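# Results of the structural survey
Spelled out from the first residue to the last, the chains are:
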Amino acid sequence: MTKRKLPEELKFIENRQAVQKTTTVSMAGKVCVVSGSTSGVGLAAVKRLARGGAQIVMVCRNPGKAEAIRTEILSQHHVGVDIISADFSVLDDVRKAADLLLKDYPRIDVLINSAGLHSTTRTTTPDGFETVFCVNHLAPFLLTYLLIDRLKQSAPARIIQVNSEGHRFGGLDLNDLNWERRHYMGIRGYGASKVAQLLTTWEFADRLKDSGVTINAMHPGDVKTNIGNNNGPLYRWYLHHIIWRTLKDPVISGEAVFYLAAAPELAEVSGRFFHLTIDEKPAAHALDREKGRKVWDRSMEMTGLIPDP
Ligand SMILES: NC(=O)c1ccc[n+]([C@@H]2O[C@H](COP(=O)([O-])OP(=O)(O)OC[C@H]3O[C@@H](n4cnc5c(N)ncnc54)[C@H](OP(=O)(O)O)[C@@H]3O)[C@@H](O)[C@H]2O)c1
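Presented here is an overview of the structure given in this document. (Residues numbered from 1 in each chain as written. Predicted model: local features only at pLDDT ≥ 70, side-chain atom pairs only at ≥ 80, totals over all residues. Heavy atoms only, no water.)

## Considering the overall build of the protein
Regarding its fold elements, the protein presents 9 helices and 8 strands. By the compact-globule yardstick of 19 Å for 309 residues, the protein fits well, its C-alpha radius of gyration being 18 Å. In terms of overall dimensions, the protein has C-alpha extents of about 55 × 50 × 45 Å along its principal axes. Here the protein holds 309 residues, and the buried ones make up 53% of them. For the protein, long-range pairs separated by at least 24 residues make up 77% of all intrachain contacts whose partners lie at least 6 apart in sequence. (Helix = DSSP H or I, 4+ residues; strand = E, 2+ residues; numbered from the N terminus. Rg over C-alpha atoms; globule rule 2.2 N^0.38 Å. Buried < 20%, exposed > 50% of the residue type's maximum accessible area, 1.4 Å probe, protein only. Contact = heavy atoms within 4.5 Å.)

And the structure:
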């Protein structure tokens, strides 16, 4: 019997089961800055990068948690592990983290934006932004923007956006980025943040053309992490008793992030979306370049960056 071919936009169903690519390239001497590295995908990524010899800079909101991870990594690998504090729901923290990174690291070879959350309810940050939009999109947008020149000076360099198949839920409304006019739904709020990140990833890729810096986004697999644990007891029950049973070990995410950060065959690949390590077509609404330019401008405004001339 011949296997039915899935339409391009449903390939993620197939890609979940696909054999993933790996690399054993050494990352010795490479400085890798990783947000969200105290848990889940980001933690798996720093462990894999440390095994590959990279110097790690953990950007995280909980220094105590990061310190324990640092101790664990140092007990196993001869690499540097530094910690920089930043709560991604506070954009001033992100600016301070960027300042410290620029002061202390003359080169940054890889930036991995993994910090993120999913919330079933709408909350706002001290700056008045919807929290998921801020943590998942505005904060990594700002951090990436502020580090761009250093990444260019360090070329070849790579940026990896830990995004999500959740972008397929959509939800991005340019007239309501903060969910003030619509009823908030967790998956749509999450989807909106991930669509915004994808649309600005293509914008970054254009601006980085011929600079030696690549930027790609990825879905890190469907893996058992702490995501969603901040929600109420009913959601947590569902997460722990139903969802977690279907999820995989985040070690696959670490391996995929490492591949995207290190694989020689990706040296010049930029502006792509990967399901783990497989190049995949995102949803049509995440490929709307006209909307992308508007999201870029709004993200510049919201993060207090100077608008493009
Ligand atoms: N798990 C999956 O199956 C899956 C699927 C698709 C996409 N993703 C994406 O993967 C990324 C990582 O998520 P995960 O699954 O690894 O979840 P996780 O285990 O909850 O890890 C999230 C990380 O982000 C950090 N973080 C959350 N809010 C923050 C804030 N306000 N400021 C600074 N850091 C903050 C957390 O810090 P603490 O340790 O201090 O909490 C943690 O290090 C997210 O972008 C998520 O959207 C995950």
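## Quick notes on the layout of surface pockets
As a volume, the second largest pocket reaches approximately 200 Å³. Lining the second largest pocket are 13 residues, with Leu-43, Ala-44, Lys-47, Arg-48 and Val-251 sitting closest to its centre. It is helix 2 (residues 40–51) that contributes the most residues to the lining of the second largest pocket, 6 residues altogether. Tallied by class, residues from the lining of the second largest pocket come to 4 nonpolar, 4 polar and 5 charged. (1 Å grid on protein atoms, 1.4 Å probe; cavity = no way out; pocket = protein on both sides within 12 Å on 5 of 7 lines; lining within 4 Å. Points joined across faces, edges and corners; volume = space filled by probe spheres on them. Nonpolar A, V, L, I, M, F, W, Y, C, P; charged D, E, K, R; others polar.)

## Some details on the pattern of salt bridges
Using the criterion set out here, one finds 19 salt bridges in the structure. Residues Arg-107 and Asp-109 are paired through a salt bridge, measuring 2.6 Å at the closest nitrogen-oxygen approach. Two residues, Arg-298 and Glu-301, come together in a salt bridge whose shortest N-O distance is 3.6 Å. Taken together, the residues span about one helical turn, with Arg-298 and Glu-301 both in helix 9 (residues 289–302) at a distance of 3 residues. The exposure class assigned to Arg-298 is partly exposed, which follows from its relative accessible area of 28%. Given a relative accessible area of 52%, Glu-301 falls into the exposed group. (Salt bridge = Lys/Arg side-chain N within 4 Å of Asp/Glu carboxyl O.)

## With respect to the pairing of strand 5 (residues 157–162)
For strand 5, the tally of buried residues reaches 6 of 6 residues, placing the bulk of the element in the interior. Neither face of strand 5 is left uncovered, since the one carrying Ala-157, Ile-159 and Gln-161 and the one carrying Arg-158, Ile-160 and Val-162 both have all their residues buried. Here strand 4 (residues 110–113) pairs with strand 5 via 4 bridges, running parallel. Residue Ile-112 lies in a different strand from strand 5, and its bridge partner there is Ile-160. The sheet contact formed by strand 5 and strand 6 (residues 213–219) spans 6 bridges and is parallel. Its bridge partner lying in strand 6, Gln-161 is registered against Ala-217. Crossover strand 5 to strand 6 through helix 6 (residues 186–207) is right-handed. (Pairing = 2+ DSSP bridges. Right-handed = clockwise from strand over helix to strand, strands pointing away.)

## Describing the packing of aromatic side chains
Evaluation of the coordinates by the stated rule reveals 6 aromatic pairs. Both rings, one in Phe-141 and one in Phe-204, keep their centres 5.4 Å apart while their planes meet at 45 degrees; by these two values the pair is tilted. Taken as a pair, Phe-141 in helix 5 (residues 131–153) and Phe-204 in helix 6 lie far apart in primary sequence, 63 residues in all. Neither residue differs from the other here; Phe-141 and Phe-204 are each classed as buried. (Phe/Tyr/Trp six-rings, centres within 6.5 Å; stacked < 30°, edge-to-face > 60°.)

## Description of the packing of helix 5 against helix 6
It is the contact of helix 5 with helix 6, at a shortest axis distance of 7 Å, that shows an interaxial angle of 20 degrees. On the basis of the axis angle, helix 5 is roughly parallel to helix 6. The chirality of how helix 5 crosses helix 6 is right-handed. Of the residues in helix 6, those touching helix 5 at Val-132, Phe-133, Asn-136, His-137, Pro-140, Phe-141, Thr-144, Tyr-145 and Ile-148 are Gly-189, Tyr-190, Ala-192, Ser-193, Lys-194, Ala-196, Gln-197, Thr-200 and Phe-204. Class assignment of the residues belonging to the contact of helix 5 with helix 6 gives a composition of 10 nonpolar, 7 polar and 1 charged. (Axes fitted to C-alpha atoms, helices over the stretch in contact; angles between N-to-C directions. Parallel < 35°, antiparallel > 145°, perpendicular 65-115°, else oblique. Left-handed = near helix turned anticlockwise from the far one by under 90°.)

## Regarding helix 4 (residues 91–104)
Given a rise of 1.5 Å per residue, 14 residues ought to cover 20 Å, and the 20 Å separating the end C-alpha atoms of helix 4 matches this to within 8%. Buried residues of helix 4: Leu-91, Val-94, Ala-97, Ala-98 and Leu-101, and no others. On an axial view of helix 4, the arc spanned by its buried residues comes to 110 degrees, and they lie on one face. With respect to the buried face of helix 4, the exposed residues turned more than 90 degrees away are Asp-99 and Lys-103. Along its buried surface, helix 4 packs onto strand 1 (31–35), strand 2 (55–60), strand 3 (81–85), helix 5 and helix 9. (Expected span 1.5 Å × (residues − 1). Arc of directions from axis to C-beta.)

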